[in-house]
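# Coordinate analysis (summary)
Here is how the chains run, residue by residue.
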Amino acid sequence: MTGSRVVALGHYQPARVLTNEDLAAMVDTSDEWITSRVGIRTRHVGGPDEPVDELAAHAAAKALASAGLRPAEVDMVLVATSTAVDRSPSMSARVAARLGMDSPAVMDINVVCSGFTHALATADHAIRAGAAERVLVIGADKMGDVADWTDRSTCVLVGDGAGAAVVVADRDGADRPGVGPVLWGSVPRMGNAVRIEGTPPRFAQEGQSVYRWATTQLPPIARKVCERAGVAPEELGAVVLHQANLRIIEPVARKIGAVNAVIARDVVESGNTSAASVPMALSKLVERGEVHTGAPVLLFAFGGNLSYAGQVIRCP
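Keep in mind the model is a prediction, meaning the values are calculated, not measured.

### What to know about the sheet that holds strand S14 (residues 307-314)
Sheet strands pair via backbone hydrogen bonds, and the direction of the pair is either parallel or antiparallel. Strand order in this open sheet of five strands is S8-S14-S13-S11-S12, and the pairing throughout is mixed. Whereas interior strands pair on both sides, the edge strands pair on one side only; in this sheet they are strand S8 (183-186) and strand S12 (262-263). Here four bridges tie strand S11 (residues 238-241) to strand S13 (residues 296-303), and the two strands are oriented parallel to one another. Within S13, the position partnered with Ala238 by the bridge is Val297. Sitting on the sheet, helix H7 (residues 207-229) is in contact with S8, S13 and S14, with an inclination near 145 degrees to S13. Docked against the sheet, helix H8 (residues 246-256) engages S11, S12 and S13, running at close to 135 degrees with respect to S11.

As structure tokens, this is what we get:
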């Protein structure tokens, strides 16, 4: 059976950086208040002339260049996003057009913060089913567009960005897949704990409920992801969790038991970028050479809908 593997990554963030000191001039907050509660120091925020598909296309172009692939060689584009303004054309169609692709299948996936790991699993399944050979998987969000910049409890959290992965068929990957089996699910009764709704849409959440759920319920699920992949937590080379809050990332990583892994902490400089957070954090780790090629890496995302999805991949 054909497996799949990630062969390249890319990321992109808008140039404008918003510091905690900048936010303190906008709302009643401070650097100490923000860092002590969520660990964030800066975030990137795009302007009105930087739509989501532009961020996505920049990250995708970087990943394709790293993979040595032309856009015309991609036969499927998946974009995970929850901040698309228009219903149609989709973000994936717009990215394909920006990159000059020929005739790829295009699909948007909206699972909010866990969108990228859902999309990566979908790419793996499409390849295994013989429906695709080379898939571009992107997580892209402009959370700044849906933030209430007068609400200090939420505006301090968010940032904008995009991350992309090139996933290809691996004929020799059945026994040792480059993308391991996904474990995904949700808690529908708590779905309203994280919301982007209204006109205009605004991001809101029940922070304490999300914190308790994430720190108590997610570690055993993440360990089960490793079990499905046949990898012990102590064998992991890196752990890349959804970059929501440093006070969630660090205890969850500790409870997983990944004692030898590099822990992604991109939230400190990027904030919560929703579906972009996992691929962007992974791309930066790889770019800095902090994870060896072939090392097992746990990707695990959670959030909106109180959904979650994770898999172990081999580092490109």
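### Here's the deal with the state of the cysteines
Using the criterion set out here, one finds zero disulfides in the structure. For the unlinked cysteine Cys113, the closest cysteine sulfur is that of Cys155, found at 16 Å. By relative accessible area, Cys113 is classed as buried at 8%. We note that Cys315 lacks a disulfide partner, and the nearest cysteine sulfur, in Cys226, lies 15 Å from it.

### What to know about the side chain of Ser307
Locating Ser307 in the fold gives a position in strand S14. With relative accessibility at 3%, the residue Ser307 sits in the buried group. Once residues lying within four places of it in the same chain are set aside, the contact partners of Ser307 are Val111, Ser114, His118, Gly185, Ser186, Trp213, Ala301 and Phe302.

### Notes on the nonpolar core
By size, the foremost hydrophobic cluster in this structure holds 49 residues, and its most contacted members are Leu236, Leu241, Leu298, Phe300 and Phe302. Counting residues per element, the ones that place at least two in this core are helix H2 (31-37), H7, S11, H8, S13 and S14. Tallying contributions element by element places H7 first for this core, with eight residues. With residues near it in sequence (within four places) discarded, Leu298 still touches Ala222, Val225, Cys226, Leu236, Ala238, Val239, Val240, Ile256, Gln311 and Val312.

Cut-off values and rules
Residues numbered from 1 in each chain as written. Predicted model: local features only at pLDDT ≥ 70, side-chain atom pairs only at ≥ 80, totals over all residues. Heavy atoms only, no water. Pairing = 2+ DSSP bridges. Helix = DSSP H or I, 4+ residues; strand = E, 2+ residues; numbered from the N terminus. Contact = heavy atoms within 4.5 Å. Axes fitted to C-alpha atoms, helices over the stretch in contact; angles between N-to-C directions. Disulfide = S-S within 2.5 Å. Buried < 20%, exposed > 50% of the residue type's maximum accessible area, 1.4 Å probe, protein only. Core = buried A, V, L, I, M, F, W, Y, C linked by side-chain atoms within 4.5 Å.

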